[in-house]
Structure formats: structure tokens, C-alpha cells
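Given next are the chains, with one letter for each unit.
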Amino acid sequence: MADDIRFDGQVAIVTGAGGGLGRQHALELARRGAKVVVNDLGGSVDGSGGSSEAAKAVVAEIEAFGGEAIAHGASVTDDAGVADLVKTTIDKWGRIDILVANAGILRDRTLTKMELADFEAVIQVHVFGTFKPIKAVWDIMKAQNYGRIVVTTSSSGMYGNFGQSNYGAAKMAVLGLMNTLKLEGAKNNVKINAISPVAATRMTEGLMPPEVLEKLKPEYVTPGVVYLVSEDAPTGAILTAGAGAFALSRIFETEGVYLGEGGLSAEEVRDSWEQITAEPGQQAYFNGGEQGQKFFRKLGGG
Ligand code: NAD
């Protein structure tokens, strides 16, 4: 077996680490030598309330096995709180190598019943609550010429889930953020990936029978996150993980068809649908420009 993945001398921030998946990520990073900032607002699953107890309890667990950790109760949506989270980390340990943006809430409703406030709250925590900590650590990681970031997406965003238009929109947004930042961070060895977990946590309790939930322990997802924040991590990957299974999720684009410039019509698009959607030759692109190159290749008859 190759060398163990270790994080000795490295500093990690894990948001939403007071319970569920984030707690497991924090524990495992600490077991492997990282100094960990356990961030959690400590609210309920819909984002209401707050208490610093959850984060403190995880810190106590880490200290119990000889690891190093501190708790921070900032909301990931709060500018001053996020600034203080990062300042506290730097004051204490002088660097930030890893950020796992994991905090999240749910406000499930069908669109008919969804209030703007439910949409906004979920977008705030998942999109702004991913963006703000990333923005706050970005220049520190660039200056160090080292950084590893994981954002947390969901099958709900990539494929859809009934009653989760707010959550699905938010979870796709973090992939858009990742896709650009993987390009902007490359020069300074800042890598960013996404985890798409399935796990039995308070978010999913009651959604599945107990015997299924038993197979979905959050600790089965964590090895994927640990790899994605390790030195050898890829960048721009969407790793799906649950029940001990791991796979890569990608957006593919079909080869498509060139319909010419003059006299293009909706009818031509309709009549070419089979060719537009044909799978042979489909590809996953690493950046938007690659798609443009294909269009011009087709224009040239390629
Ligand atoms: P969880 O509710 O146990 O954990 C989420 C944590 O985030 C909680 O401890 C909560 O207090 C914290 N949090 C919420 N709002 C916060 C804020 N504003 N600031 C700081 N902390 C905040 O649920 P989980 O299942 O462990 O979810 C972790 C992540 O995984 C979430 O982003 C979730 O959307 C995602 N996810 C989970 C599943 C699953 O099957 N459990 C599936 C797909 C995605």
C-alpha cells in the first residue's frame, strides 16, 4: 500500500462540523494530524436557532484522542463571523491548508408552497455560506501556494429531487463556483473539488427505513473528502459517496450537429433532435472554452 495520507502541520476548517457528515470529516482530519477548526452555528435542520455546544462537543472528542481542535460558532452566512473564523484560525495556527465547506440546511417544500424566505434561506447557507469562507481563505491559500477546498453538492442539484427546488438550485450553484475556482486556483496549487454524499444524518432521518440508514453511515463518506483535500487531490472532480460506494459525476455534452448559419429554424432543431441528443462522441469538458472550440470545429466541417 502507498503511504498513508497525513495532514501533520496542516490546518483545516470544516464548516457545519458540529454533527452529521462535518463531524466525521473533522474527526478524521484530526486523527490524521490536522489541526482542526470545528465551525458550527448549532441551529436546527431548517437553520433556526443556534448554540456553540455542538462544535465544542466535537472539539472535546478530538482532544480526547490527543488531537488539536478549536470550536467556532460563526454562521457561514455572516460576514463578520466568517472574517473572525479565519482571523481566529490564523492567530492560533498561522496558516489554512484545508477548507471543507459542509454547512447546510433544508427547507423542503414543493414550489407551490415555497415562500421566498424558504428559497432565500437555503441559498444563503449553501451558496453564500460556501462562497464567503472560500473568499476569506482564498488569498491566504494562494500566498502559501497550497490550498485544498471541498464544496458539498448533492444528487438533488445534479439530478433533481421532489420538493427541493431551493436546495437543488443551491447545490448546483456550488458546482458552478468550483468550476471557475479550479481554473483560478491552478497556478497557486489551490485545488477545489466537490463531494456529493448520501448519509444517514438528521437531514435524512425519517426519509429512509432504519435498515437502509444503517448502511449509510456518515463515516463511509469521509474517506472521499479526506482524499479530495490531500496533497495528491485532483481538481474540479465531483465525487459521489455513500454506503461505501464511490463514483465520479460529470456533465457530458453530446457531439451535436452543425445546422449551418443561413436559414436556421426551430423546425430544423426539432427535426435534428435525434442527432443533437445522440450519445456517441459525447464529452465532459474541463472549461467552457472547450465547448466553443467544438462549435468552431463543426463550423469548419469537423
Ligand atoms: P446536518 O444537519 O447533520 O449537518 C449540517 C450542519 O451544518 C449542522 O451541524 C448545522 O448546525 C450546520 N449549519 C447549518 N447552518 C449553518 C450556518 N449558517 N453556519 C454554520 N453551520 C451551519 O446534515 P448533514 O447531512 O451532515 O449535511 C452536511 C452537508 O452535506 C450539507 O451541506 C448537506 O446539504 C450535504 N448533503 C447531505 C446529504 C445526506 O444524505 N446527508 C446528501 C447530500 C448533501
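Residue indices begin from 1 for each chain and proceed along its sequence in written order. Given that this is a predicted model, residues contribute local features only at a pLDDT of at least 70 and side-chain atom pairs are listed and counted only at 80 or more, while totals for whole chains, interfaces and linings are drawn from all residues. Heavy atoms throughout the structure, all of them, feed into the side-chain values; hydrogens and water do not.

(A) Just the sheet that holds strand E3 (residues 68–72), in detail. An order of E3-E2-E1-E4-E5-E6-E7-E8 is seen for the eight strands of this open sheet, with the pairing classed as mixed. Each having just a single partner strand, E3 and strand E8 (245–249) make up the two edges of the open sheet. Each strand axis lies, on average, 20 degrees off the axis of its neighbour in the sheet, ignoring direction. Across three bridges, the pairing between strand E1 (residues 11–14) and strand E4 (residues 98–101) is parallel. DSSP bridges decide pairing: two strands pair if at least two such bridges lie between them. The secondary structure listing takes helices from DSSP runs of H or I that are at least 4 residues long and strands from runs of E that are at least 2 residues long, numbered from the N terminus. Under this scheme, a helix contributes an axis fitted over its contacting stretch, all axes are lines through C-alpha atoms, and angles between N-to-C directions fall in the 0 to 180 degree range.

(B) Quick look at the packing of helix H4 (residues 116–144) against helix H6 (residues 165–185). In contact at an axis separation of 8 Å, H4 and H6 are set at 20 degrees when each is read in the N-to-C sense. By the angle between their axes, H4 is roughly parallel relative to H6. Relative to H6, the crossing made by H4 is right-handed. Between H4 and H6, the contacting residues are Asp118, Phe119, Val122, Ile123, His126, Val127, Thr130, Phe131, Ile134 and Trp138 on the first element and Ser165, Asn166, Tyr167, Ala169, Ala170, Lys171, Ala173, Val174, Leu177, Leu181, Glu184 and Gly185 on the second. In this scheme, roughly parallel covers angles under 35 degrees and roughly antiparallel covers those over 145, while 65 to 115 is roughly perpendicular and the rest are oblique. In a left-handed crossing the near helix is turned counterclockwise from the far helix by less than a right angle, and in a right-handed crossing that turn is clockwise. Residues count as neighbours in contact if any of their non-hydrogen atoms are within 4.5 Å of one another.

(C) Structural detail: H4. The terminal C-alpha atoms of H4, which comprises 29 residues, lie 41 Å apart, in line with the 42 Å expected from a rise of 1.5 Å per residue. What we call the bend at a residue is the angle made by axes fitted to the seven residues finishing there and the seven residues starting there. Maximum bend of H4: about 35 degrees, positioned at valine 137. One or two positions beyond H4, positive phi appears at asparagine 145, with a value near 55 degrees. Given the number of residues in a helix, its expected span is that number minus one, multiplied by 1.5 Å.

(D) Up close: the UniProt feature "domain: Ketoreductase" (unreviewed entry) in the protein chain. UniProt positions are given in the numbering used here, feature names are shortened, and annotations may be inferred rather than shown by experiment. In this structure's numbering, the residues bearing the UniProt feature "domain: Ketoreductase" (unreviewed entry) are residues 10–201. Across residues 10–201 one finds 48% helix and 17% strand; the C-alpha atoms that close the span lie 28 Å apart.

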